[in-house]
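# Analysis of the macromolecular model
One letter stands for each residue in the lines below.
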Amino acid sequence: MLLAGLLALFVLVIGLRVFDGAEVAPESIARLVVVSAEDSYGSNRRLLESGDSVLNKESLWVRRGGAARVDWHDPSDREQPAATIDVLSGELKFRDGAPVLIGGKALVETNRNVEIPMVDGSSVKLLGMGEYVIAALPADMQDGEGFDPDDESDGEVPGAGMRIEVEARVGAALIVRSGVSVVVQVGSRGSYQGGGQISIVAGGPVAGIDSDLRSAPPPEPV
């Protein structure tokens, strides 16, 4: 009887520990969590507010003059958020656990290695903790022009004619296109369009980006 009692007590303790672990285990859902937003919209033109989430196949669109700051939680079990993104204009679509920059400009502050798909089918690997500016711009775009949200169906993302720019402010980046990788060292900027070569130049901000952007306070929630 004593042995049976001890065995029952052991099973009870183990069961409680498993139950408690299930209670506190964090739920890993890939998403963008809105930290702050100004004149920014989600799917169905819903005005975004602090605490909102952008989930798979949903969009985040920032009007001209607006801004949105989001934390990116990817589907991995690594440190979260993977990065914080300031969308300065244009549109992000969240696909397969990653934000796709459809058009516009964004400041990305990474907490670890991440990879961001671009609208033209290329991708940008941001290496380690760092600060980067990425842009997807029409070739004839004048600075300050706004973007309209993309109304095409999922899987039909327009990318032809876009000029992609990547500035590495802190840390290094890796541009991956058609199986070819090109490094953008800290303090440099890479740009490319269509099937043209990737150009790497030292210094100089991405088109239309304030060089003192990081020191500016994030927008207040609407």
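Look up: the structure comes first, before these words.
Residues numbered from 1 in each chain as written. Predicted model: local features only at pLDDT ≥ 70, side-chain atom pairs only at ≥ 80, totals over all residues. Heavy atoms only, no water.

## A look at the overall build of the protein chain
Definition in use: Only DSSP runs of H or I with at least four residues qualify as helices, and only runs of E with at least two residues qualify as strands; both kinds are numbered from the N terminus onward. Burial classes follow relative accessibility: with a 1.4 Å probe on protein chains only, a residue under 20% of its type's maximum area counts as buried, one over 50% as exposed, and anything between as partly exposed. Here a residue-residue contact requires only that any non-hydrogen atoms of the pair lie within 4.5 Å. Using the Shrake-Rupley algorithm and a 1.4 Å probe, accessible areas are obtained, with residue cover drawn only from the displayed protein chains.
For the protein chain, the helix and strand inventory stands at 1 helix and 11 strands. Within the span of the protein chain, comprising 222 residues, buried residues form 45% of the whole. Across the protein chain, every contact between residues at least 6 apart in sequence was considered, and the portion connecting residues at least 24 apart equals 54%. Carbon and sulfur atoms make up 55% of the accessible area of the protein chain, which amounts to about 11600 Å² in all.

## Some thoughts on the nonpolar core
So the rule is basically this: Only buried Ala, Val, Leu, Ile, Met, Phe, Trp, Tyr and Cys residues count toward a nonpolar core, and they belong to the same one when joined by side-chain atoms within 4.5 Å.
By size, the foremost hydrophobic cluster in this structure holds 41 residues, and its most contacted members are Leu60, Trp72, Ile85, Met118, Leu126 and Ile134. Elements represented by at least two residues in this core include exactly strand E1 (31–41), strand E3 (59–73), strand E4 (83–95), strand E5 (98–110), strand E6 (114–117), strand E7 (123–138) and strand E8 (162–177). Beyond its immediate stretch of four places on either side in the chain, Leu126 contacts Val108, Thr110, Arg112, Asn113, Val114, Ile116, Tyr132, Ala172 and Ala173.

## With respect to the environment of Leu48
Tracing the chain through its elements places Leu48 in the loop between E1 and strand E2 (53–54). The class for Leu48 is buried, based on a relative accessible area of 0%. Spatially, the C-alpha atoms of Leu48 and Ala68 are 8.7 Å apart, while their sequence positions differ by 20 residues.

## Section: the environment of Leu127
Structurally, the position occupied by Leu127 is in strand E7. Leu127 sits in the partly exposed class, given a relative accessible area of 37%. Separated by 47 residues in the primary sequence, Leu127 and Leu174 have C-alpha atoms spaced 7.6 Å apart. Not counting chain neighbours up to four residues away, the residues in contact with Leu127 comprise Asn113, Tyr132 and Ala172.

## What to know about the pairing of strand E10 (residues 188–193)
Just so we agree on the cut-off: Between any two strands, pairing holds if DSSP finds at least two bridges.
Counting buried positions along E10 gives 5 out of 6 residues, so the element sits mostly inside the fold. Across 5 bridges, the pairing between E8 and E10 is antiparallel. By the bridge assignment, Glu167 is partnered in E10 with Arg189. In terms of strand pairing, E10 meets strand E11 (residues 199–202) through 4 bridges, oriented antiparallel. Considered in E11, the bridge of Ser191 is made with Ser199. Counting the residues between successive antiparallel strands, the hairpin from E10 to E11 contains 5 residues, one of them, Gly194, with a positive phi of roughly 55°.

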